[in-house]
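What the coordinates show
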Amino acid sequence: MCIRDSLRVIKDEARRLGDWESLALALDVELHLRHTMGDLRAIPPLFESMREVVRRGSKIAGALAHSGLAVQILFGDEPMAALAHGRRAVQDCDPASEHRLRVLLRLLLVLQYGGKFYSSEAARIVEEARSVAKTSGDLLLRFSLESNIAVAHLDSGNLDAAEVAMERSTAMLGSAELDMNRFNQAINAGELALATRDFERAQSSFHSAQRFIGPKIPVYSESMVLAGLGLCALGTGDLATARAMENSLPDDPERWYFDPTLLTMFRCRMHGYRGEPGRALKLLEDVTAAIEGRLVLAWLKLTLFRADMERRYNESQAADLAFRGLEVAKSLGLADRGRQFSELLRGLNVA
């Protein structure tokens, strides 16, 4: 029996018995599975079932369902609703519950996507999650906490903190066979190396990530690896390899439910090498519009990239983009990203 059939049996039995907590957990597992498969059409019905659990289940079942509904930050159009669900999950989950770390991590993830990782709220969540993690036997959740912290620093432009956090999370993995986590760790290491223009190290990291691609890894993972390797090739002047990576890329998803930075930057740079700046700028405009207010850290990264590209053709537009990015970065306390926007504006002689 495949896992989808097993989940269907578990869900049916949980409904029959009125075991809403088990149903909430099964729905969360299926949500992860559908995300891995890229089966986006199957996800809205899962959210509807989670809403049913909220209405009919116990307080802890409702907390777990709210935690699942928080993932709408990736698949929905109401980021504030996703944040409200994440907060409600933490509020309704007893501090002594075995599920406490799970709901804390889910809220932290929503705060991170929304660019609020450096908020006082996120700091409190990290503090409690680390405290709970000390007594948790779940290596996966403990690793996820430290890995998410590293990614938050990386996506915020705080590269020194990202490297320290990444080393900490890598050490935590030890020899555990967790392909998905090792894949993510290698991708993150590759992005960090790209940010410091260490292309040899980045290439090694992306090749490491490539070894983990398989049925347990999200379907978009290969695109991220190919884009990462393509950016490494461009960084070293290897246009033949960059073209090969571009030709191997599948189509982009209809909806961005993961960070589009690697893919979008690579496609834009390839357009640039072919003398197609209009296509590159249009792609950036479309992608940033699709993720604005939802995947905020990714929006800031791509808006900075877009403003830097735009200044070669339209300095006024570049300045407008940089001012918008600076305003958002400042409002979220993202000092490193804000500094990058300020430097761009000084280069335009408008700061």
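Attention in this report is confined to the structure presented alongside it. What you see is a predicted model; the values in this text were computed from it and never measured.

One pass over the full model with this rule turns up 7 aromatic pairs. Ring plane angle 25° and centroid distance 5.7 Å describe the contact between Phe75 and Tyr257, whose orientation is recorded as stacked. Remark: Tyr257 occurs in the loop between helix 14 (239-248) and helix 15 (261-273) and Phe75 occurs in helix 5 (residues 72-75); sequence separation between them is 182 residues. The two residues Phe75 and Tyr257 agree in class, both being buried. Among the aromatic residues, those joined into a cluster by ring pairs are Phe47, Phe75, Tyr220, Trp256, Tyr257 and Phe258.

Relative to the helices and strands, Glu146 resides in helix 9 (residues 139-155). Take Glu146: its relative accessible area is 3%, and that puts it in the buried class. Apart from residues no more than four positions distant in its own chain, Glu146 is found in contact with Arg130, Ala165, Arg168, Ser169 and Met172.

The next thing to look at is helix 9. With 17 residues, helix 9 ought to run about 24 Å at 1.5 Å a step, and its terminal C-alpha atoms sit 24 Å apart, in line with that. Of all 17 residues that make up helix 9, 14 are buried, and the element is covered over most of its length.

In this section: the environment of Ala227. Within the secondary structure layout, Ala227 lies in helix 13 (residues 221-235). Residue Ala227 is classed as buried on the basis of its relative accessible area of 0%. Residues Ala227 and Ile187, 40 residues apart in the sequence, show an inter-C-alpha distance of 11 Å.

With respect to the secondary-structure elements, Arg15 resides in helix 1 (residues 3-17). Sequence separation between Arg15 and Leu101 is 86 residues, and the spatial gap between their C-alpha atoms is 25 Å. Of note is the side chain of Arg15, whose polar atom sits 2.7 Å from the side chain of Glu52.

Before going further, it helps to spend a moment on the packing of helix 14 against helix 15. For the pair helix 14 and helix 15, interaxial distance at closest approach is 11 Å and the crossing angle is 125°. By the criterion of interaxial angle, the relationship of helix 14 to helix 15 is oblique. The element helix 14 and its partner helix 15 pack so that their crossing is left-handed. Across from Leu239, Ala242, Arg243, Met245 and Glu246 in helix 14, the residues of helix 15 making contact are Phe266, Met270 and Tyr273. Per-class residue counts for the contact of helix 14 with helix 15 are 6 nonpolar, no polar and 2 charged.

Criteria and thresholds
As a convention, each chain's residues are numbered from 1 in the sequence order in which they are written. Owing to the predicted nature of the model, reporting of local features is limited to residues with pLDDT of at least 70; listing and counting of side-chain atom pairs is limited to 80 or more, with chain, interface and lining totals taken over all residues. No hydrogens and no water enter the side-chain calculation; it runs on all heavy atoms of the structure. Under the pairing criterion, centres of Phe, Tyr and Trp rings, with the six-membered ring standing for Trp, must be within 6.5 Å; the plane angle then separates stacked pairs below 30 degrees from edge-to-face pairs above 60, leaving the rest tilted. Numbering of helices and strands runs from the N terminus; a helix is a DSSP stretch of H or I covering at least four residues, while a strand is a stretch of E covering at least two. In this scheme, a residue with accessible area under 20% of its type's maximum is buried, one over 50% is exposed, and one in between is partly exposed, where area comes from a 1.4 Å probe on protein chains only. We call two residues contacting when some pair of their heavy atoms lies within 4.5 Å. Helix span, as expected, comes to 1.5 Å for every residue beyond the first. The definition of a polar contact used here is a pair of N or O atoms within 3.5 Å, where within protein one atom must be able to donate a hydrogen and the other to accept one, and adjacent residues in sequence count solely through side-chain atom pairs. In this analysis an axis means a line fitted to C-alpha atoms, helices contributing only their contacting stretch, and an angle means the value between N-to-C directions, from 0 to 180 degrees. Each angle is binned into one of four classes, with values under 35 degrees roughly parallel, values over 145 roughly antiparallel, values of 65 to 115 roughly perpendicular, and all other values oblique. Note on convention: near helix rotated counterclockwise from far helix by under a right angle means a left-handed crossing. Clockwise means right-handed. Each residue gets one label: Ala, Val, Leu, Ile, Met, Phe, Trp, Tyr, Cys and Pro are nonpolar, Asp, Glu, Lys and Arg are charged, and the others, such as Gly, are polar.

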